[in-house]
There are 2 protein chains.
Amino acid sequence: MGVAGGRGGDGVDHSGAPRALLPPSLCLGSAPAPQQPGSPALPRALRQLPGAVTSTRSPQDPLSARRCPPAPTKPQQAMEGDLTLQLRIFDLNCWAIRYLSKRRQERVQLIGDMLRRERFDLVLLQEVWSEQDYSDLKARLGSCYPFSHYFRSGVIGSGLCVFSRFPILDTLLYQYSLNGYPYMLQHGDWFCGKSVGLVVIKISGILFNVYVTHLHAEYCREKDAYLPHRLVQAWELAQFIRHTSKAADVVLLGGDLNMHPEDVGIRLLRGWTGLRDAFAEATRFEGCEDGCTLIPNNCFTVKTELLPFPLGIRIDYILYKAISSFTVKCEELKTTTGTAPGMDIPFSDHEAVMATLHIRRQGQAAGATLGTAEPMLADVVTEARTEVGVGLRAAQRQRYSTGRMAVLALLLLLLQAAAALGALAGLATGQPFPKLSFSLLAFLAIGVLLLATGLHLFHTIEVKMLQGTEEQMRMALRALQERPSDG
Amino acid sequence: MGVAGGRGGDGVDHSGAPRALLPPSLCLGSAPAPQQPGSPALPRALRQLPGAVTSTRSPQDPLSARRCPPAPTKPQQAMEGDLTLQLRIFDLNCWAIRYLSKRRQERVQLIGDMLRRERFDLVLLQEVWSEQDYSDLKARLGSCYPFSHYFRSGVIGSGLCVFSRFPILDTLLYQYSLNGYPYMLQHGDWFCGKSVGLVVIKISGILFNVYVTHLHAEYCREKDAYLPHRLVQAWELAQFIRHTSKAADVVLLGGDLNMHPEDVGIRLLRGWTGLRDAFAEATRFEGCEDGCTLIPNNCFTVKTELLPFPLGIRIDYILYKAISSFTVKCEELKTTTGTAPGMDIPFSDHEAVMATLHIRRQGQAAGATLGTAEPMLADVVTEARTEVGVGLRAAQRQRYSTGRMAVLALLLLLLQAAAALGALAGLATGQPFPKLSFSLLAFLAIGVLLLATGLHLFHTIEVKMLQGTEEQMRMALRALQERPSDG
């Protein structure tokens, strides 16, 4: 379908040539800029910085992969039949909130410079809230990433965008049905129109469904009021991926899921879609310990929030699976480790996640089935359903109390109307009437009535969506128990 | 995935048997109730009623198809390899709005009785706004349609539900991003959470993606303020179908599209998805002239609205296409023609649409490509994009004017604050202060500020979604012009 992206003055040939057959980068150091042989071509952000907590799981030199000759000089042509692709993916929550995020423009510029230098195949960004920032990035990256898409939704936007070296054939946005509360202004998630964006990309005949998303934030782990909403989002994300990816060869998901790796939402998402966690599967890893992407070493993170987690937390993910006769292997996973190279600031308050995937046409893909054994998956769905049920009861209570408040305000107004009528009669007898306090009270009652009615409607929607998700999960459990042919 | 539907006490075997292989009804008179040979087994609502405008396009006796022997006695077993299925689909906008729709409960009961009698394979209903009505129908229809799903969304609901003789394997709901205005209380579409619902059904190994939807109503054809919103919905519907139906063998769409057959939205939907109109393709047709589903003969329709259309209008559709190596043919299409059989009232203010489809495994399906020739499709997308552009400019103007009003209200409040400070100083000198009018003005300013801010936020979302759709259409046009390999 649509072919998106910067087409003006980006120096890339946009003629009728079959651009879907452009070879992807075939080695990590694929930047065409002149390099000294053997010099590191990968993100300088990956160099270990003083004080940064890093770990390397592979016995190999983590830099060895960088020492392959620059791709443009010796591109391994991918061929049909015996196809092996290497794909480099970059994922980052950019924390680019206008007027609120510190040193935003400077950081967006830094991100743009790094992306241009490193020439990934696919770049998945979150929290690019300002369309101006996206336009700036697009103009800056046009020559390396001629194709891009910005997903619009909500008052502020979805914050999601994708830059690609390969033509974007089609896009679709799915906005989550629940996303926090409009009156929680200090959190503000509700205004963002949190969504999952899909871009369809074809590389050397392989169809990629690439998803980028950002789920509701967690503000208090001990008493997480948003857990049911985040679980609804995780469920909708899993369902959206399952329904839209049936013709894809490879599925990729990148984003800030705002869930720890062991959280029920992540287990639900992985179990229900069969997606694999690049961090868990990677042959080589380099970056923050445990793959953390919110770390105390990052000067923009709120240190008190990370006190229970001295190493930090991992909430940004790259997940993948092969659907048809392909296999996907994560050869290498990296994270940035705080400050950007040569600068005194990091790219964002999150660390970037970078994966190098090997995609090979080879027999039946293991990812075609559900990722978790079915009895375990049933447990996960049951756990998630219980949490959604807790949220449902809370929403029902709030719907009731806001409805009661609206009724009380209406009664007050009716009483006032009766009093006013009485006063009109009273005025005839010359009695004084407390106009000011009467008016103030009437306005207060009207205000409360409107507010309570609005909240009541909001919580009615919330109840409906939680009920719908709970019912879907119940059906899923029944299907798992009955082991249908359709996985 | 999920297997939905009434499982309690419905007399149907729900054990682990492969229910997906239950044969569909293989002749029109498939109701197992005892029948006299040759007696009409199809909806008695189809009998021509006095005064009803009907037409029959086929030279054959329209009742001949009803005279096949009852299916349960001689079921033609569908077989893999040389597969031919006959599927009977029922679609109706039920007009079941609590407290507002006339004789609602009586009509819902009539609809339930007729559905139980006629035993369609698939029933797609819209405007079942009350979950109680759905539950009643489910209880009444459990023995004939053991599988069902109700789609929840918005304050009131989506109104969409599906009853099926075959197991529902999976469901997904997509809520349209635009759906009218919250302040147009007299129209009320905004509160309904208009959506498209998908149910996945497998019959004799054939995978059906069945979509049911209801688009924004048209209240004034000459000056249709909702046209851009309805076009965004038609575009999102087409995109949702394209992205979710890639693994399906057959795609079916039923619903109240609130568009005349020649409208740009219908042409866009058909052209962009390749769906065919059952009315246009049917070998035999019986029902209201031109297939109209809102007719002056229906006692619930608003006659003045139909004055420019003496025959009525056709806004309820069954559309279909085959995706993989299947072909679909509409053998027969029928509509009801006003009053329900033996009653003084119709089922609804809309006429029901009933299609009998033949599905055959046979070579490459014609529906696998886009339905309209590409140059024509480009014209349709251009026309739709122009209308969306008109809506975008209107939304931008409203965003501006509501923003300006909010600023003015804020200025008024600031002025009042200054006046209050001045008055405080004035009180020291014993000057009188008009407390009542001052308070009233302040409350008015606060009210206007809140209202204008809310509307400004709403129109900001509207602008974003219209921009997003316009951009997607622009990409689609470019892709059509470049003729990519991916249709």
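Cut-offs applied
- The written sequence of each chain sets the order in which its residues are numbered from 1.
- All chains are assigned letters beginning with A, and all ligands numbers beginning with 1, in the order in which they are written.
- Reporting of local features is limited, given that this is a predicted model, to residues whose pLDDT is at least 70; pairs of side-chain atoms are given and counted only at 80 or more, and all residues count toward the totals for whole chains, interfaces and linings.
- Calculated side-chain values reflect all of the structure's heavy atoms, with hydrogen atoms and water omitted.
- UniProt positions are given in the numbering used here, feature names are shortened, and annotations may be inferred rather than shown by experiment.
- Per-residue confidence from the predictor is given as pLDDT, running between 0 and 100.
- Whether two residues are in contact is decided by their heavy atoms: any pair within 4.5 Å suffices.
- Helix numbers and strand numbers start at the N terminus; a helix is a DSSP run of H or I with at least 4 residues, a strand a run of E with at least 2.
- Between buried and exposed lies partly exposed: a residue is buried under 20% and exposed over 50% of the maximum accessible area for its type, with that area taken using a 1.4 Å probe on protein chains only.
- Taken from the helix axis, the directions to the C-beta atoms give the arc we talk about.
- Between any two strands, at least two bridges found by DSSP are needed for them to pair.
- We call Phe, Tyr and Trp rings a pair once their centres come within 6.5 Å, taking the six-membered ring for Trp, and we label the pair stacked below 30 degrees between planes, edge-to-face above 60, and tilted otherwise.
- By the criterion adopted, a ring carries a charge over it if an Arg CZ or a Lys NZ lies within 6 Å of its centre and within 35 degrees of its normal.
- One speaks of a salt bridge when a side-chain nitrogen belonging to Lys or Arg is within 4 Å of a carboxyl oxygen belonging to Asp or Glu.
- What gets called buried area is simply the loss in accessible area from a 1.4 Å probe that two parts show on being joined, summed for both.
- Whenever a nitrogen or oxygen atom comes within 3.5 Å of another N or O atom, the pair is scored as a polar contact, on the condition that within protein one atom can donate a hydrogen and the other can accept it, and that pairs from neighbouring residues in sequence are kept only if both atoms are in side chains.
- Residue classes follow a fixed rule: Ala, Val, Leu, Ile, Met, Phe, Trp, Tyr, Cys and Pro count as nonpolar, while Asp, Glu, Lys and Arg count as charged, and any other residue, Gly among them, counts as polar.

- Going by what an unreviewed UniProt entry lists, chain A is known as Sphingomyelin phosphodiesterase 2 and is assigned to Accipiter nisus.
- The Subcellular location (unreviewed entry) field of the UniProt record for chain A holds the comment "Membrane".
- Turning to chain A, the UniProt record has this under Sequence similarities (unreviewed entry): "Belongs to the neutral sphingomyelinase family."

1. A closer look at the confidence of the model for chain A
Residue and element names in this part refer to chain A.
No. 1: Of the residues in chain A, 78% have a pLDDT of 70 or more, and the chain-wide mean is 81.
No. 2: Confidence drops under pLDDT 50 across residues 1-80; counting only partners more than four residues distant or on other chains, this segment forms 195 contacts.
No. 3: Across residues 365-369, where pLDDT falls below 50, the model places 11 contacts with residues more than four positions away in sequence or in other chains.
No. 4: This complex was scored by the predictor with a pTM of 0.82 and an ipTM of 0.80.

2. Let's talk about the UniProt feature "transmembrane region" (unreviewed entry) in chain A
No. 1: UniProt records the feature "transmembrane region" (unreviewed entry) for residues 406-430 and 436-458 of chain A in the present numbering.
No. 2: For residues 436-458 of chain A, helix accounts for 100% and strand for 0%, while the C-alpha atoms at its two ends are 33 Å apart.

3. What about helix H2 (residues 131-141) of chain B?
Residues and elements named next belong to chain B.
No. 1: Three or more residues of H2 are buried, namely Asp133, Tyr134, Leu137 and Leu141. Summarising the axial view, the buried residues of H2 lie within an arc of 100 degrees, below the 170-degree limit, and thus occupy one face.
No. 2: Turning to H2, the residues buried within the fold contact strand S2 (84-96), helix H1 (104-118), strand S3 (122-128), strand S4 (147-150) and strand S5 (161-164).

4. Quick notes on the sheet that holds strand S9 (residues 250-256) of chain B
No. 1: Read across the open sheet, the 6 strands follow the order S6-S7-S8-S9-S12-S10 (chain B); overall the sheet is mixed. Edge positions in the open sheet fall to strand S6 (168-175) and strand S10 (276-277) of chain B, since each of these has one partner strand only.

5. Re unusual backbone geometry
All names here are of chain A.
No. 1: The phi dihedral of Arg119 is positive, around 45 degrees, even though this residue is not glycine.
No. 2: Assignment of secondary structure puts Arg119 in the loop between helix H1 (104-118) and strand S3 (122-128).
No. 3: Arg119 sits in the partly exposed class, given a relative accessible area of 25%.
No. 4: The residue Asn258 is not glycine, and still its phi comes out positive at about 50 degrees.
No. 5: By the secondary structure assignment, Asn258 is in the loop between strand S9 (250-256) and helix H4 (264-273).
No. 6: Relative accessible area serves as the criterion here: at 10%, Asn258 is assigned to the buried category.

6. Some details on the UniProt feature "domain: Endonuclease/exonuclease/phosphatase" (unreviewed entry) in chain A
No. 1: Here the UniProt feature "domain: Endonuclease/exonuclease/phosphatase" (unreviewed entry) sits at residues 93-350 of chain A.
No. 2: Between the C-alpha atoms that bound residues 93-350 of chain A the distance is 6 Å, and the span itself is 22% helix and 29% strand.

7. Here we look at the packing of aromatic side chains
How two aromatic rings sit relative to each other is set out by the distance from centre to centre and by the angle between their planes.
No. 1: Overall, the coordinates contain 28 aromatic pairs over all chains when judged by the stated rule.
No. 2: Note on B:Trp235 and B:Trp272: the rings are 5.3 Å apart at their centroids and 25 degrees apart in plane angle, and the pair reads as stacked. Here B:Trp272 lies in helix H4 (residues 264-273) and B:Trp235 lies in helix H3 (residues 227-244), a separation of 37 residues in the sequence.
No. 3: Overall, B:Trp235 belongs to the buried group, its relative accessible area being 1%.
No. 4: With relative accessibility at 3%, the residue B:Trp272 sits in the buried group.
No. 5: A network of ring pairs unites the aromatic residues A:Tyr174, A:Tyr211, A:Phe240, B:Tyr174, B:Tyr211 and B:Phe240 as a single cluster.
No. 6: Here the guanidinium or amino end of A:Arg88 rests over the ring plane of A:Phe120, the centre of that ring lying 4.4 Å away.

8. Side note on the pattern of salt bridges
All names here are of chain A.
No. 1: Summed over the entire model, instances satisfying the criterion amount to 43 salt bridges over all chains.
No. 2: Between Asp189 and Lys194 there is a salt bridge, and its shortest N-O distance comes to 2.6 Å. The burial state of Asp189 is the same as that of Lys194; both residues are buried.
No. 3: Salt-bridge contacts for Arg230 lead to Asp224; the nearest nitrogen and oxygen are separated by 2.9 Å. Here Arg230 and Asp224 have matching classes, each one buried.
No. 4: Connected through shared salt-bridge partners, Arg284, Glu286, Glu331, Glu332 and Lys334 make up one network.

9. A word on the interface of chain A and chain B
No. 1: With 56 residues of chain A in contact, the opposing surface of chain B contributes 56 residues.
No. 2: Across the interface of chain A and chain B, roughly 5,000 Å² is buried in total on both sides, 62% from carbon and sulfur atoms.
No. 3: Linking chain A to chain B there are 5 salt bridges.
No. 4: A salt bridge links B:Arg242 to A:Asp170; the nearest nitrogen and oxygen atoms lie 2.9 Å apart.
No. 5: If you look at where chain A meets chain B, you find 16 residue pairs in polar contact (both at pLDDT 80 or more).
No. 6: For the side of chain A that touches chain B, the elements supplying multiple residues, two or more each, are strand S6 (168-175), strand S7 (195-203), helix H3 (227-244) and helix H7 (435-482) of chain A.
No. 7: The element contributing the most residues to the side of chain A that touches chain B is H7(A), with 19 residues.
No. 8: Tallied by class, residues from the side of chain A that touches chain B come to 25 nonpolar, 17 polar and 14 charged.

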